[in-house]
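# Commentary on secondary and tertiary structure
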Amino acid sequence: MEPLSDPEIRASFVNCSKGEAGRLNLPRGLAELPWESLDFLGWRDQGAPDRAYLVAPYGGELVGVTLRSPTVRRSLTKTNVCSLCITARRAGAAGREGNTVGTYICADLACSLYVRGLKKSTLVTRPDESMPLEDQIARTVLNLDAFLARVLTDTVAA
């Protein structure tokens, strides 16, 4: 992923108002992030632990989404690295009506670093995979693209 600036990040959000995007807390140390190892920029809001943000290239554009995590936590004995359910309001009218989509994602949104072995969880062991690293990265990006497509879809399947 290419390094992003504060204005680029704020302008990318599709499921919140421009005012909300202007007020959200950006991650510290943007310039020091390992951009070459990131498939997306994701971070938890330090001031509101149930909020998170994700910004990723999608369809030739930069797409940012605001995320929420549930207040009920699952047991760590019944979990894996990507076990936090995150929801995002849909973009457009469906989101304004309260419609959301969810996905499982790493609690700290550092999926790209876990896949590449650049970050390890002290609580959970990532299973060994026989799939080549390039395929694991491609699977992560494919899953992210599918989630973003669902966020951007302004209708709810019946």
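Refer to the structure presented above.
Residues numbered from 1 in each chain as written. Predicted model: local features only at pLDDT ≥ 70, side-chain atom pairs only at ≥ 80, totals over all residues. Heavy atoms only, no water.

## Let's talk about the pairing of strand β1 (residues 41–44)
Here β1 pairs with strand β2 (residues 51–58) via 4 bridges, running antiparallel. Considered in β2, the bridge of Gly 42 is made with Leu 54. (Pairing = 2+ DSSP bridges. Helix = DSSP H or I, 4+ residues; strand = E, 2+ residues; numbered from the N terminus.)

## Digging into the environment of Gly 64
Following the sequence through the fold, Gly 64 ends up in strand β3 (residues 61–68). Judged by relative accessible area, Gly 64 falls into the buried class, the value being 0%. In this structure, Gly 64 is in contact with Ser 12, Phe 13, Val 14, Asn 15, Leu 54 and Val 55, ignoring residues within four places of it in sequence. (Buried < 20%, exposed > 50% of the residue type's maximum accessible area, 1.4 Å probe, protein only. Contact = heavy atoms within 4.5 Å.)

## Quick look at unusual backbone geometry
Keep in mind that most residues, glycine aside, have a negative phi and that most peptide bonds are trans. Although it is not a glycine, Leu 109 adopts a positive phi angle of roughly 60°. Since its relative accessible area comes to 4%, Leu 109 is described here as buried.

## Describing the side chain of Ser 12
If you trace the backbone, Ser 12 turns up in the loop between α1 (6–11) and α2 (18–23). By relative accessible area, which is 4% here, Ser 12 ends up buried.

## Some details on the packing of aromatic side chains
Under the counting rule described, the total for this entry stands at 2 aromatic pairs. Considering the side-chain rings of Phe 13 and Tyr 53, the 6.1 Å spacing of their centres and the 90° angle between planes classify their relative orientation as edge-to-face. In this pair, Phe 13 sits in the loop between α1 and α2 while Tyr 53 sits in strand β2, placing the two residues 40 residues apart along the sequence. Summarising the burial analysis for this pair, Phe 13 and Tyr 53 share the class buried. A ring pair is formed by Trp 43 and Tyr 53, whose centres lie 5.2 Å apart and whose planes are at 35°; its orientation type is tilted. With Trp 43 in strand β1 and Tyr 53 in strand β2, this pair connects stretches of sequence that are 10 residues apart. Note on accessibility: Trp 43 and Tyr 53 belong to one class, buried. Through successive ring pairs, a cluster of aromatic residues spans Phe 13, Trp 43 and Tyr 53. (Phe/Tyr/Trp six-rings, centres within 6.5 Å; stacked < 30°, edge-to-face > 60°.)

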